[in-house]
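Given next are the chains, with one letter for each unit.
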Amino acid sequence: MSPSQDAYLIASSFLHRPGLLLLADKRGIVFWLVCFAALIVIILAIILPVYFTVIKKKNTKSPSTTGNGSDNGHTGDGTVPSATGAITGGDGSQVTLEDGSTFTYSNQFGGFGGAKPNSWTPAINQSWMYGKDRIFGVNLGGWFVLEPFISPALFQKYPTAIDEWSLSEAMAADTAGGGLGQLEEHYKTFITEKDFAEIAGAGLNWVRLPIPFWAIDKWDGEPFLDKVCWKYILKAFSWARKYGIRVNLDLHTIPGSQNGYNHSGKTGQVNFLHGPMGIANAQRALNYIRIITEFVSQPEYQDVVQMFGIMNEAIINTIGRDALTSFYREAHDMIRGITGVGDGKGFYISIHDGFEPNGTRWDAFLAGSDRVVLDRHPYTSFSGSTFEDPIATGTGADAGGVWVGTACGWATEIVRLSGTFGFTYAGEWSNGYNDCGLFLTGVGGSHSYAGDCGTWEDATTWDDSTKAGVAAFNAAQMDALKDFFFWTWKIGNSTAGSVQAPLWSYQLGLEGGWIPKDPRQASGKCGTIPEFDGNYVPYMTGGLGAGTITAAAAGTPFPPAQISGVDVPADELPQYTSTGTVHTLPGPTDTSGATQVGGWYDAQDMGLAPTPILGCAYPDSWDANGAAIPTGCGVDAAAAPTAPSVSNATDVHRRR
């Protein structure tokens, strides 16, 4: 029986009590009807929050009915107690935080705490219709994977720091200044529950959450602060559920680096599927993807983490298409071996387009796969252009100049790929039409912009024409991309006490007026542009044919026979042996310190973790390009058992 039926029957039992109305005159009838109406309102006020927070609607596809997870005392309906307590109302509700302080929830769009962020978004326990429901999202960049331009003050404190690797080294050496504990303070304060409330109040419904592999562990020689950020990632999941926001979890860093960018962990070389340590680093990456999959596939998180980007911005031109296809196929099969195959069984798998200049090369990629989606990052800012075309061109219909047309032109390829690949979205984009912004191109980086970047590092100097131009460019991107995650929600202050990359802050754009307070207002900015009809080939959304990758689309097996950056077969390259301990992720704890949720969904997944082969002299896994290839570390050595036997596998997993 539904809550609405309960309410109706309770009210009806009062209205139809025999003889009650016969004893009253007309005035009495009116009095009782008013009382009964008030009673119905009270009942609905109690039931609706419970309904949206706990009870599944009939049209919800319950992923908890699949998989092999054992019973851990939860009902399997996807609910989990909030770390900060539930809110049961919308705009104007008082929210109590962990520290006992309160704030007033502001949401003008019909958002309801514990259920949904706004009136046009399905509650998180309802099905999301890809291609029909719209993703209005933001990234929480710089929270768990630090970048100089997002958290400039931390890098300004340590002039030798250019990425999280060197920042961690500098902090560790500065025990008097707080040591690595400064990173935890950043996790604790950079994004808080109030940010999630503001995100929902801004008409947004998803967040993309970049995380590092060292949330799980790190290996010898890596300076990162490992494991500490995980408890704050769990808070993010809890806050997302509390405000009805879906999460696109993104593994932003990969051992050895997949792109050589500062946000991969270390600036410099690509050592993932490239160079002497390419295979070994890929083995580690697969294990981290597996561990994350096992955790978020548990019923408590399936409704919140509805997409998992398994690797951010792997550079396809460096790594090579065949090798990357091999890895993606292996990751897909591993993930679906854990979650099961078909609609409702686990998250959508997101892969990045690798900045492939020819989008047609993604057509029918891994055809027959199960719910794989394509992430594109359409930035104009890193093109190397001088950006001489002005964006400040008045406040009328011509505001934004040529940049509006540039953004609107992206719609054609998004729509085409939606039909040939599957669901395609913009995982990152910004208002940065140029490459200006403190540390945007890295610490000590140069700018190709022909004008004065100082203007674009101080939004307080912008006139109405500038704001109108940025607003028009923003709206055009929203309209053309349709489903998107702006990069990024927040830019921290520099030591000057201000945001010096304002084109990249959604929060600042809301305050300054160049980002709309309702993202739906951008619809129609581009006029007549291609629109996807929302009808996918069934396998793309977990329907008929899902999980039956065709031989033509399968690519090479993993590991591939050859990778870039070396001139020997891949089986002669250093590899790891699968005899190590699996470091599973812990669930949240209650006030007594007891763990509420386990870390492993599939009890049949008993494989061990990659670990170095005893006696192998591995090159530096982050700086291996050009290094000599050691002997005795290849595929034959990796296959030889040297550590825990398979019979001990269950001992290294924390079972639910």
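Residues numbered from 1 in each chain as written. Predicted model: local features only at pLDDT ≥ 70, side-chain atom pairs only at ≥ 80, totals over all residues. Heavy atoms only, no water.

Some thoughts on the overall build of the protein chain
Inference 1: Secondary structure summary: the protein chain contains 17 helices and twelve strands in total.
Inference 2: Here the protein chain holds 656 residues, and the buried ones make up 58% of them.
Inference 3: For the protein chain, long-range pairs separated by at least 24 residues make up 76% of all intrachain contacts whose partners lie at least 6 apart in sequence. (Helix = DSSP H or I, 4+ residues; strand = E, 2+ residues; numbered from the N terminus. Buried < 20%, exposed > 50% of the residue type's maximum accessible area, 1.4 Å probe, protein only. Contact = heavy atoms within 4.5 Å.)

Considering the pattern of salt bridges
Inference 1: Counting across every chain of the model gives 20 salt bridges.
Inference 2: Taking the shortest distance from any N to any O, the salt bridge between Lys231 and Glu184 comes out at 3.1 Å. Pair noted here: Lys231 is in helix 7 (residues 230-242) and Glu184 is in helix 5 (residues 181-189), with a separation of 47 residues, a long-range link.
Inference 3: Judged by relative accessible area, which is 44%, Lys231 ranks as partly exposed. (Salt bridge = Lys/Arg side-chain N within 4 Å of Asp/Glu carboxyl O.)

A short note on the environment of Ile135
Inference 1: Here Ile135 is to be found in the loop between strand 2 (102-104) and strand 3 (136-139).
Inference 2: When its relative accessible area of 0% is taken as the criterion, Ile135 is described as buried.
Inference 3: Among residues more than four places away in sequence, those in contact with Ile135 are Trp128, Asn205, Trp206, Met307, Phe423, Lys482, Asp483, Phe484 and Phe485.

Remarks on unusual backbone geometry
Inference 1: Trp487 connects to Thr488 through a cis peptide bond whose omega is 10 degrees.
Inference 2: Examined against the element boundaries, Thr488 turns out to sit in the loop between strand 10 (484-486) and helix 15 (506-512).
Inference 3: Note the cis peptide between Phe558 and Pro559, where omega equals -5 degrees.
Inference 4: Tracing the chain through its elements places Pro559 in the loop between helix 16 (551-554) and strand 11 (577-580).
Inference 5: Non-glycine residue Leu366 carries a positive phi angle of around 45 degrees.
Inference 6: Turning to its location among the elements, Leu366 is positioned in the loop between strand 7 (348-352) and strand 8 (372-376).
Inference 7: Judged by its relative accessible area of 2%, Leu366 is buried.

A few points about helix 4 (residues 164-173)
Inference 1: Across the ten residues that make up helix 4, a large majority, seven, are buried.
Inference 2: Of the positions making up helix 4, those classed as buried are Glu164, Trp165, Ser166, Leu167, Ser168, Ala170 and Met171.
Inference 3: Summarising the contacts, the buried residues of helix 4 are in contact with helix 3 (152-157) and helix 5.

What about the nonpolar core?
Inference 1: Trp143, Phe196, Leu209, Phe237 and Phe327 are the most contacted members of the largest nonpolar core, which totals 181 residues.
Inference 2: Here this core gets eleven residues from one element, more than from any other, and that element is helix 8 (residues 278-296).
Inference 3: Once residues within four sequence positions are removed from consideration, Leu209 is found in contact with Leu140, Trp143, Phe144, Ile233, Ala236, Phe237, Val247, Asn248, Leu249 and Asp250. (Core = buried A, V, L, I, M, F, W, Y, C linked by side-chain atoms within 4.5 Å.)

Here's the deal with the side chain of Asn107
Inference 1: Here Asn107 is to be found in the loop between strand 2 and strand 3.
Inference 2: By relative accessible area, which is 3% here, Asn107 ends up buried.
Inference 3: Within the structure, the side chain of Asn107 is placed 2.8 Å from the side chain of Tyr105, a separation counted as a polar contact.
Inference 4: Polar contacts involving the side chain of Asn107 include one to the main-chain carbonyl oxygen of Pro117, which spans 2.8 Å. (Polar contact = N/O pair within 3.5 Å; in protein donor to acceptor, adjacent residues only side chain to side chain.)

What about the pairing of strand 4 (residues 206-211)?
Inference 1: Most of strand 4 is tucked away, with six of its six residues classed as buried.
Inference 2: The alternating pattern of strand 4 places Trp206, Arg208 and Pro210 on one face and Val207, Leu209 and Ile211 on the opposite face, and all of these are buried.
Inference 3: Judged from the three bridges that link them, strand 3 and strand 4 form a sheet pairing that is parallel. Across the sheet, Val138 pairs through a bridge with Val207, a residue of strand 4.
Inference 4: The sheet contact formed by strand 4 and strand 5 (residues 246-251) spans six bridges and is parallel. Paired with Ile211 across the bridge in strand 5 is Leu251.
Inference 5: Between strand 4 and its parallel partner strand 5, the chain crosses via helix 7, and the hand of that crossover is right-handed. (Pairing = 2+ DSSP bridges. Right-handed = clockwise from strand over helix to strand, strands pointing away.)

Some remarks on the state of the cysteines
Cysteine pairs can be covalently joined through their sulfur atoms, and such a bond is termed a disulfide.
Inference 1: Under the definition given, this model contains three disulfides.
Inference 2: The disulfide that involves Cys408 links it to Cys526, with 2.0 Å between the sulfurs. Given an S-S torsion of about -85 degrees, the disulfide between Cys408 and Cys526 has left-handed geometry. You can see Cys408 sitting in helix 12 (residues 402-408) and its partner Cys526 sitting in the loop between helix 15 and helix 16, a full 118 residues away along the chain. In terms of burial, Cys408 and Cys526 fall into one category: buried.
Inference 3: Between the sulfur of Cys616 and that of Cys633 lies a disulfide, 1.8 Å long from S to S. An S-S torsion of about 115 degrees defines the bridge between Cys616 and Cys633 as right-handed. Separated by 17 residues along the polypeptide, Cys616 in the loop between strand 12 (609-611) and helix 17 (635-639) and Cys633 in the loop between strand 12 and helix 17 bring together distant segments of the chain. The burial state of Cys616 is the same as that of Cys633; both residues are buried.
Inference 4: If one numbers only the bonded cysteines of the protein chain, in the order they occur, the disulfide pattern is 1-4, 2-3, 5-6. (Disulfide = S-S within 2.5 Å.)

Quick notes on the packing of aromatic side chains
Inference 1: Summed over all chains, the structure comprises 51 aromatic pairs.
Inference 2: Aromatic pair Tyr379 and Trp504: ring centres 5.3 Å apart, planes at 45 degrees, arrangement tilted. Of the two residues, Tyr379 is situated in the loop between strand 8 and helix 12 and Trp504 in the loop between strand 10 and helix 15; the sequence distance between them amounts to 125 residues. The same class applies to Tyr379 as to Trp504, namely buried.
Inference 3: Their ring planes at 85 degrees and their centres at 4.9 Å tell us that Trp429 and Phe486 sit as a pair that is edge-to-face. Of this pair, Trp429 sits in the loop between strand 9 (424-426) and helix 14 (464-481) while Phe486 sits in strand 10, and the two are 57 residues apart along the sequence. (Phe/Tyr/Trp six-rings, centres within 6.5 Å; stacked < 30°, edge-to-face > 60°.)

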